[in-house]
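Survey of secondary and tertiary structure
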Amino acid sequence: MDLAYIPSPSTGVIHLGPIPLRGYAFCIIIGVFVAVWLGNKRWIARGGTAGTVADIAVWAVPFGLVGGRLYHVITDYQLYFSEGENWVDAFKIWEGGLGIWGAIALGAVGAWIGCRRRGIPLPAYADTIAPGIAFAQAIGRWGNWFNQELYGKPTDLPWALKISAGANREAGLYHPTFLYESLWCVGVGFLVIWADRRFKLGHGRAFALYVAAYCAGRVWTEYLRVDEAHHVLGLRLNVWTAIIVLLLAVVYLVLSARLRPGREEIVEPKRDEADGKNAKSGKAVGAEDAEPKDAAEDPDTDGATDPEPSADSGEPETEKSGNGAGSAATS
């Protein structure tokens, strides 16, 4: 008899009247909220404007969801387009099935569009939201727990995950790979925050560190999984994907550090340009206020009507010098 294990929810959806609340979707939404919230704090700390991260996320999140779903459907097409399956299920994103590789790739396209519209460098934005993405993944993985999916090999460890019998799954105790990956992503998020503060990472290197660290853990958790997947040379497709992306991220880290050391001083150029213009305008106004009044408008300056005294008029020297300045201004 197993004395300790992690139970699975009996259902992944709770109905509030006619409104279904799905655990998977709820985890994704909370993860996006955390990523935007943390990204906004980090963006402001780097000199950006509050709300910019959310404005760009309006582009990045929908693109990311579409990309994640496309990757899943393409790589697991047999679940939707083989004999006996219903292709309409490919659109049921709430039932699970988002590939992080497609989500990051197409999400980056959406972020690029948003950054371009705001005149913001994409690498700086990516560095800012990198740890938030890791934390969002940590939260999102609990959606797999609600759906009882993506578990690992059978185990009798005290933290084994209990899976109930269902479509395409057998009841038993399995490695909770969702939990392993969730904890790993939390560690990756804190690693990126620490490294960014310690080494002042810039030009996309904080994001590359996140990618490399995540992929290193994904190779391990992917190896434990037992759900159906395509294999290439004896390894799951996602293992190869993680290895390739890991190597690319490391290469980018090395080359970027050599070619573009340091960190961007300005992350939101338009804001700085506007501040510069305002500063110049303020200085110009001050200069105008400081200018002396025209001699014709100054009631104390009457040199234009007073005749210039002659050299031998016998007036005191102080009076001659005071009227002489006014006559010189109108000559």
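What comes next concerns the included structure.

Basis of the calculations
Residues numbered from 1 in each chain as written. Predicted model: local features only at pLDDT ≥ 70, side-chain atom pairs only at ≥ 80, totals over all residues. Heavy atoms only, no water. Phe/Tyr/Trp six-rings, centres within 6.5 Å; stacked < 30°, edge-to-face > 60°. Buried < 20%, exposed > 50% of the residue type's maximum accessible area, 1.4 Å probe, protein only. Helix = DSSP H or I, 4+ residues; strand = E, 2+ residues; numbered from the N terminus. 1 Å grid on protein atoms, 1.4 Å probe; cavity = no way out; pocket = protein on both sides within 12 Å on 5 of 7 lines; lining within 4 Å. Points joined across faces, edges and corners; volume = space filled by probe spheres on them. Nonpolar A, V, L, I, M, F, W, Y, C, P; charged D, E, K, R; others polar.

1. Details of the packing of aromatic side chains
Tallied over the full model, the rule gives twelve aromatic pairs. On the basis of an interplanar angle of 75° and a centroid distance of 6.2 Å, the ring pair of Trp87 and Phe91 is categorised as edge-to-face. Taken as a pair, Trp87 and Phe91 share a single burial class, namely exposed. On the basis of an interplanar angle of 25° and a centroid distance of 5.3 Å, the ring pair of Tyr180 and Trp220 is categorised as stacked. Here Tyr180, found in helix H7 (residues 177-199), pairs with Trp220, found in helix H8 (residues 205-224); they are 40 residues apart in sequence, far enough to count as distant. Taking the relative accessible area as the measure of exposure, Tyr180 reaches 13% and is therefore buried. Put simply, the rings of Trp101, Phe207, Tyr210 and Tyr214 pair up and form one aromatic cluster.

2. Points about empty space enclosed by the protein
Picture a little ball the size of a water molecule; that probe, rolled over the atoms, points out where space is still empty. Evaluated as defined, the whole model comprises one cavity of 30 Å³ or more. Of the voids in this model, the largest cavity is the one considered here, and its volume is about 30 Å³. Taken together, Arg141, Asn144, Leu150, Thr177, Phe178, Glu181 and Arg225 form the lining of the largest cavity. Top element by residues in the lining of the largest cavity is H7. It accounts for three residues. By residue class, the composition of the lining of the largest cavity is two nonpolar, two polar and three charged.

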